Amino acid sequence: MDEQSLSHATWDCKYHVVFGSKYRTKRLYGDVRRELGELLRRLALQKGCQIEEGHLMPDHVHMLISIPPKYSVAHIVGFLKGKTALYVANKYARKRRYKGYHFWARGYFVSTTGYNEQVVRQYIRNQEKADKASDFADQFNRSY
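Residues numbered from 1 in each chain as written. Predicted model: local features only at pLDDT ≥ 70, side-chain atom pairs only at ≥ 80, totals over all residues. Heavy atoms only, no water.

Colleague: Explanation requested: the confidence of the model for the protein chain in the structure shown.
Modeller: Fine structural detail should not be taken from predicted coordinates in areas where pLDDT scores are low. Averaged over the protein chain, the pLDDT score is 82; the fraction of residues at 70 or greater is 76%. Within the protein chain, the element-level pLDDT minimum falls on helix 4 (residues 127-139), averaging 62, and the maximum on helix 1 (residues 30-46), averaging 93. (pLDDT = per-residue confidence, 0-100. Helix = DSSP H or I, 4+ residues; strand = E, 2+ residues; numbered from the N terminus.)

Colleague: Teacher, can you tell me more about the sheet that holds strand 4 (residues 50-56) here?
Modeller: Hydrogen bonds between backbone groups are what pair the strands of a sheet, and the pairing can be parallel or antiparallel. An order of 4-5-3-6 is seen for the four strands of this open sheet, with the pairing classed as antiparallel. The two strands at the open ends of the sheet, each matched to only one other strand, are strand 4 and strand 6 (109-113). Across this sheet, the average inter-strand angle for adjacent strands is 15°, counted without regard to direction. (Pairing = 2+ DSSP bridges. Axes fitted to C-alpha atoms, helices over the stretch in contact; angles between N-to-C directions.)

Colleague: Would you explain the nonpolar core in this entry?
Modeller: Nonpolar side chains in soluble globular proteins generally cluster together in the buried interior. By size, the foremost hydrophobic cluster in this structure holds 27 residues, and its most contacted members are Leu 36, Met 63 and Ile 65. Counting residues per element, the ones that place at least two in this core are strand 3 (14-20), helix 1, strand 4, strand 5 (60-66) and helix 2 (73-96). Top element by residues in this core is helix 2. It accounts for eight residues. When neighbours within four sequence positions are excluded, Leu 36 is seen to be in contact with Leu 28, Leu 56, Thr 84, Val 88, Phe 103 and Trp 104. (Core = buried A, V, L, I, M, F, W, Y, C linked by side-chain atoms within 4.5 Å. Buried < 20%, exposed > 50% of the residue type's maximum accessible area, 1.4 Å probe, protein only. Contact = heavy atoms within 4.5 Å.)

Colleague: What is the right way to read helix 1 from this model?
Modeller: Structural remark: α-helix, 3.6 residues per turn; residues separated by three or four positions point the same way. Along its 17 residues, helix 1 runs 25 Å from first to last C-alpha, staying within 8% of the 24 Å computed at 1.5 Å per residue. Within the span of helix 1, buried status applies to Val 32, Leu 36, Leu 39, Leu 40, Leu 43 and Ala 44. Positive phi shows up at Gly 48, right after helix 1, with a value of about 80°. (Expected span 1.5 Å × (residues − 1).)

Colleague: What's the story with the environment of Leu 64 in this structure? I'm lost.
Modeller: On the secondary structure map, Leu 64 appears in strand 5. With 50 residues separating them in the primary sequence, Leu 64 and Lys 14 have C-alpha atoms 6.7 Å apart. Each residue touching Leu 64, except ones within four places of it in the same chain, is listed here: Lys 14, Tyr 15, His 16, Gln 50, Ile 51, Glu 52, Glu 53 and Thr 113.

Colleague: Before we go on, may I ask you to explain the pattern of salt bridges in this structure?
Modeller: Once the charged atoms of two side chains with opposite charge are near each other, the side chains can pair. In the structure shown here, the tally under the stated rule is four salt bridges. Two residues, Asp 12 and Lys 14, come together in a salt bridge whose shortest N-O distance is 3.5 Å. Using a relative accessible area of 25% as the deciding quantity, one classes Asp 12 as partly exposed. For Lys 14, a relative accessible area of 15% puts it in the buried group. For Asp 31, the salt bridge is made with Arg 34, and the minimal N-O distance between the two is 2.5 Å. Taken together, the positions of Asp 31 and Arg 34, both in helix 1 and three residues apart, correspond to about one turn of that helix. On the accessibility criterion, Asp 31 (37% relative accessible area) is partly exposed. (Salt bridge = Lys/Arg side-chain N within 4 Å of Asp/Glu carboxyl O.)

See the structure below:
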């Protein structure tokens, strides 16, 4: 488990996110492809997220991203797509004839990656045993 923590929460929230270029045109090649990988990682770190795995295809992006529970997936994906579209438009718009800031398609795909259902069921079943064991241990360890 790769648990992380905030001030009042311990979390392990990972998502598989896929989003494509506008009209699925093959825009992610050459310098744009090299720069977008690093830019996406830096932008994710600004929000406290971490891109665990990622791959840029010529017309879409796959990433496994760890997002803190204080942010919604839609907020983070919108942030990443918006900032990268601005960057590409400002740097490459004249060379590649992009019109405006329309670099990414509107939608995206997201899927949670979590624990196996059987592992969660077993964890829930064993909670009572673990709680009783800790209560028994506390009887002999008085610190007051």
